[in-house]
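# Observations on the model geometry
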Amino acid sequence: MRVAGAHRLTAEGVRAAERLVQAPPGPALQRLAGLAARLLSAPASQVSLVTGVQTVAAVAGQDPALVGTSVPLADSPCAVTAGSGAPLVVPDAAADERVAALPPVTSGVVGAYLGVPLVGHHGHVVGALCVFDPAPRRWRDGDVEVLSELAVAAAAELELSALSLEHENDRLRWQLAVAAGGVGSFDWDLRADVLEWDEQVLRLFGCTAEEFDGTMGAFERRVHPDDLDRVRRSLGGAVAGGDAFEAEYRVVLPAPDPVGRTRWVKARGRVLPGADGRPAHLLGAVYDTTREHDDDVRVARVLESMSSAFFSLDRDWRFTHVNAEAERVLQRPREQMLGQVVWELFPDAVGSTFELQYRRAMSTGEQVDFEAYYPAPLDRWYEVRAWRDPDGLAVYFLDVTARRAAQAQAEADRAAAREALRTAEQAQRTAERAAARLALLARVSADLAATFDTEEAVARLAQHLVPALGDWCIVTLLDEQGNLRDIGSWHAEQAARPVLERYRRVRLPCLSPRAPLHRALREDRPVLVASDATERLGAMLAEPARGLLQQLAPQAAHMLPMRARGRTVGLVTLFRSPGTPPPAPEDLLTVREVADRAGLALDNARLYGQQQHVAEGLQRSLLSAPVAPDDLQVVVRYRPAAHAAQVGGDWYDAFPQPDGATVLVIGDVVGHDITAAAAMSQVRSLLRGIAHHSGQGPAAVLTGLDAAMQGLALDTTATALVARVEQGPQDRERGVVRFRWSSAGHPAPLLLAPDGTVTALTGRGHDLLLGLDPRTPRVDEETTLGPGATVLLHTDGLVERREQDYDDGVRRLREVVLDLAGESLDDLCDGVLARLLPERAEDDVAIVAVRPRPPDRR
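Scoring rules and cut-offs
- Starting from 1, residues in each chain are numbered consecutively following that chain's sequence as written.
- Only residues with pLDDT of at least 70 are given local features in this predicted model, and only at 80 or more are side-chain atom pairs given and counted; all residues enter the totals for whole chains, interfaces and linings.
- Side-chain calculation: all heavy atoms of the structure are included, whereas hydrogens and water are not.
- Secondary structure elements follow DSSP: runs of H or I of four or more residues count as helices, runs of E of two or more count as strands, with numbering from the N terminus.
- A 1.4 Å probe rolled over the protein chains alone gives each residue an accessible area, and that area as a share of the maximum for its type sets the label: buried under 20%, exposed over 50%, partly exposed in between.
- Here, residues are in contact when the closest pair of their heavy atoms is within 4.5 Å.
- Note on areas: Shrake-Rupley with a 1.4 Å probe; residue coverage comes only from the protein chains shown.
- Strand pairing is defined by DSSP finding a minimum of two bridges between the two strands.
- Any Lys or Arg side-chain nitrogen located within 4 Å of an Asp or Glu carboxyl oxygen qualifies as a salt bridge.
- Buried Ala, Val, Leu, Ile, Met, Phe, Trp, Tyr and Cys residues form a nonpolar core when they are joined through side-chain atoms within 4.5 Å.
- Orientation is described by axes fitted as lines to C-alpha atoms, over the contacting stretch for helices, and by angles from 0 to 180 degrees between their N-to-C directions.
- How sure the predictor is of each residue is captured by pLDDT, a score from 0 to 100.
- Expected helix span is taken as 1.5 Å per residue step, with the number of steps being one fewer than the number of residues.
- Polar contacts, as counted here, are pairs of nitrogen or oxygen atoms within 3.5 Å of one another; within protein the pair requires one atom able to donate a hydrogen and one able to accept it, and residues that are adjacent in sequence qualify only if both atoms are side-chain atoms.
- Criterion for a disulfide: a pair of cysteine sulfur atoms at a distance within 2.5 Å.
- Should the near helix be turned counterclockwise from the far one by less than a right angle, the crossing is left-handed, whereas a clockwise turn marks it as right-handed.
- This arc corresponds to the set of directions leading from the helix axis out to the C-beta atoms.

Here we take up the overall build of the protein. Across its full length, the protein holds 27 helices and 31 strands. Per-residue burial over the protein gives 48% buried out of 858 residues. Long-range contacts, defined as pairs at least 24 residues apart, comprise 60% of the intrachain contacts of the protein with a sequence gap of at least 6. Total accessible area computed for the protein in this model is approximately 40,600 Å², and 53% of it derives from carbon and sulfur atoms.

Here you go:
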């Protein structure tokens, strides 16, 4: 298969899809395809199954003759969706390398595409449900979720059709097997109490003629203990009433069969009277129903897992199966329904559409589809499909009360509107326009808030405003240097969009300073060209823009500034084509509101960028370059958070001691803002001064820092880890260094040993955070670092985030460090950040890595 992601199309999935292709799809699948197109406002939708080819199962917005046709997988976007096993979101198909070369895209049928996989009940991908548009479009955030929910219903519908076909085939095969000689007969002489079996019955019960003594006791010893009482009652009732006998039960087969092996059989018989009229013989037949029973169990399991309601009736109209959803919809437990007559349990169905259609399906063998209302206590509308099977009637139904209520309400509203006075109709139209304007404002606000790329969202304003408020539109930005850029455009007519795109790209360089666009900027007010816009605007344009404008042929144009905080940040220009009615005053107010919201979003983005730049600059200015001692290699890294308000708390430090030792520090002040950065600066400076002046070990330095924070009323808390790396004469002879550290509630460092093992230096546990109780005792921990050993200190932002547990983060860090064991110290640090941090980190991160230098490299 020559499609992207086709390796996900497993052999099991292809076989599952081939099974579904065999069954003719029902009308419910077609309605689901239509519902997908309506809910996602798409011109067309399609349900496809993927085997060796793509087979169309249902369509909406396309020629119905496409249903049942097939195309090669290499030509199908749906095969790409099914192959990937995940939703395929394509706003612009021609620009997406996954589908750009496929015939539906190159022919112009598909300009935008959204598809989700169809998953069969065994978990295999069998096809795809998709919607598409001949024009590029941006899919909304909730579209994938809506389409995925519809895909579940579509898969269930396909499974139901296939299941019905398979069940019927299984029944037919079983009946043919019975006809071929699988039925045995028996004769029970009621007066002599002698039971005779033919050879087939003997085989069914697993015994020979010599082993069977012709007594009822021998028969009962073969019946499964759990079924024996039921069989006895059936036999006794038939004999006492001179009536027919019928029972299905299990036979326990004797050795050498495996212990516990059973066979299902079904027995039917009739009591014959003697000359005196009293019961004399019970004659009957027995046949093997194990296969049928196993199939029924499998069918029942599938039906039970369906999200749709299902029940079956025998030819006497008694319930034989009820799934869980049918229990809920019919408001009765299945124990109260199984074996009961449907007309007695639901008397209001008698004489109704339900009875008429059920009896029609039972008598003609035709499948019936209908909608009907059932009165209290159910008081619901149902969409029903019923068809005859060998045992009776199968019924599948959905509660459509909400949909019918919505339809009824809509019809009532239409009737009320028809009867209303002209003033009421006008008020309704006004309210609809107001709702549309509010919906437009809501869509614009949601679009502006849904992305970090504000400029891209503003560029899409044209698509929001057209065609509701104009026939075409151009969006222009004004930067702080006074330069203009046309960043977005849209035309109501698809054929005109390429011309508009070329016009947008060349318009500004060809525009005269006297043009209305520049006047709207200079005077900071809307400018209207009410008529003859092609001639009046064209007179202020040079070629090639003038010729392109003549092709677009606007009748009127309206330029509206986008403003925020007293400054103009861009313009929105709406154009009307000849023959369009002019916009209402309230529509122009809506455009002004849209422009103002876009302007505010742009200005917020500008301020956000400035804030992030200032905060990150402050943070980096407080982080100095690390010390470079002769016997150690020290590497530091700092990665700011993606949000400006989330930087400021993390810091690192590395500086020498007068006695030649090196002090390493990693810390995190509580808080993530500029205030936290300032507090971090104070804590960092205090720690450097105390450590350098005192020359004490890490625990004593942290104790002194805690006391200084309290004495200087530094109102903050922080975690910190201080380490001292030193080498005495004996250590130098051995080629090792001593690593002493003390932690104030900070994540443990990782030690990468020369043998490739990674260990967390937890010591005897973490001490209390700084800023809580300066009297808390602190202890030093110590280990020896040999040649090639590496110690990595880090802040919690490296391993902890909302979607990841802290312990899982530490486990991932250890795996990454182990994988990078052979890298240089710089490459190890860069690799850790690249593999563990997302593109937009939630928290700032600092790391310090230290590695003893080999003697020949000092």
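Still more ground to cover, so stick around.
Within strand β26 (residues 737-744), seven of the eight residues are buried, which leaves the element mostly enclosed by the surrounding structure. As paired strands, strand β25 (residues 718-726) and β26 are joined by seven bridges and run antiparallel to one another. If you follow Ala723 over to β26, its bridge partner there is Trp741. Sheet analysis places β26 next to strand β29 (residues 781-785), joined by five bridges and oriented antiparallel. Within β29, the residue paired with Arg740 across the bridge is Glu782.

For the coordinates displayed, the defined rule picks out 46 salt bridges. Among the ionic pairs, Arg250 bridges to Asp227, the shortest N-O distance being 2.9 Å. Separated by 23 residues along the polypeptide, Arg250 in strand β9 (residues 244-252) and Asp227 in helix α8 (residues 225-241) bring together distant segments of the chain. With relative accessibility at 4%, the residue Asp227 sits in the buried group. Across the pair Glu411 and Arg414 runs a salt bridge, and its minimum N-O distance is 2.7 Å. Of this pair, Glu411 and Arg414 are both found in helix α14 (residues 401-419), three residues apart, which corresponds to roughly one turn of the helix. Using a relative accessible area of 37% as the deciding quantity, one classes Glu411 as partly exposed. The exposure class of Arg414 is partly exposed, given its relative accessible area of 43%. A single network of salt bridges, built from pairs that share partners, joins Asp659, Arg724, Glu726, Asp731, Arg734, Arg738, Arg740, Asp780 and Glu782.

Now for the nonpolar core. In this structure, Phe346, Tyr358 and Phe397 are the most contacted members of the largest nonpolar core, which totals 31 residues. Breaking this core down by element, the ones donating at least two residues are β12 (309-314), β13 (319-322), α10 (324-330), α12 (342-345), α13 (353-364), β14 (368-374), β15 (380-389) and β16 (392-399). Discounting chain neighbours no more than four positions away, the residues touching Phe397 are Ala309, Phe310, Phe311, Ala326, Val329, Leu330, Tyr382, Glu383 and Val384. Ranked by size, the runner-up nonpolar core spans 30 residues in total, among them Val47, Ala58, Leu150 and Ala154.

Spatially, β13-β12-β16-β15-β14 is the arrangement adopted by the five strands of the open sheet, whose pairing is antiparallel. With partners counted over all chains shown, the strands left at the sheet margins are β13 and β14, one partner each. Neighbour-to-neighbour, the strand axes of this sheet turn through a mean angle of 25°, independent of strand direction. Seen against the sheet, α14 touches β14, β15 and β16 and runs at an angle of roughly 125° to β15.

Put simply, the protein has an average pLDDT of 86, and 88% of its residues get 70 or more. Low pLDDT (under 50) marks residues 1-7, which in the prediction has 14 contacts with non-local residues, meaning those over four places away or in another chain. Across residues 174-179, confidence stays below pLDDT 50; counting only partners more than four residues off in sequence or on other chains, it has eight contacts.

Attention shifts here to α13. Since one α-helical turn is 3.6 residues long, residues separated by three or four positions face the same way. The first and last C-alpha atoms of α13 sit 16 Å apart over twelve residues, in line with the 16 Å expected at 1.5 Å per residue. By the burial criterion, the buried members of α13 are Phe354, Glu355, Gln357, Tyr358, Ala361 and Met362. Its buried side turned inward, α13 meets β12, α12, β14, β15 and β16. In this structure Ser352 caps α13, since a side-chain oxygen of it lies 3.2 Å from the backbone nitrogen of Phe354.

To continue, consider the state of the cysteines. Considering all chains together, one arrives at zero disulfides under this definition. Unpaired in this structure, Cys130 has its nearest cysteine sulfur neighbour in Cys78, at a distance of 3.6 Å. Residue classification places Cys130 among the buried residues on the basis of a relative accessible area of 2%.

For the rest of this paragraph, the subject is the packing of helix α18 (residues 497-506) against helix α21 (residues 545-552). Orientation of α18 relative to α21, taken along the N-to-C sense of each, is 145°, at an axis distance of 9 Å. Pair α18 / α21 crosses with left-handed handedness. On α21, the residues that touch Val499, Leu500, Arg502, Tyr503 and Val506 of α18 are Ala545, Leu548, Leu549, Gln551 and Leu552.

Residue Pro377 is reached from Ala376 by a cis peptide bond, and omega for that bond is 10°. Looking at the secondary structure, you find Pro377 in the loop between β14 and β15. A cis amide bond links Glu543 with the next residue in sequence, Pro544, at an omega value of 5°. On the secondary structure map, Pro544 appears in the loop between α20 (533-538) and α21. Despite not being glycine, Asp379 shows a phi value in the positive range, around 55°. Among the secondary structure elements, Asp379 is positioned in the loop between β14 and β15. With a relative accessible area of 41%, Asp379 lands in the partly exposed category. Although it is not a glycine, Ala553 adopts a positive phi angle of roughly 50°.

In this section: α18. Buried residues of α18: Arg497, Val499, Leu500, Tyr503 and Arg504, and no others. Along α18, the residues classed as buried sweep out an arc of 155° about the axis, all on the same side. Residues of α18 that are buried sit in contact with β17 (472-478), β18 (484-491) and α21.

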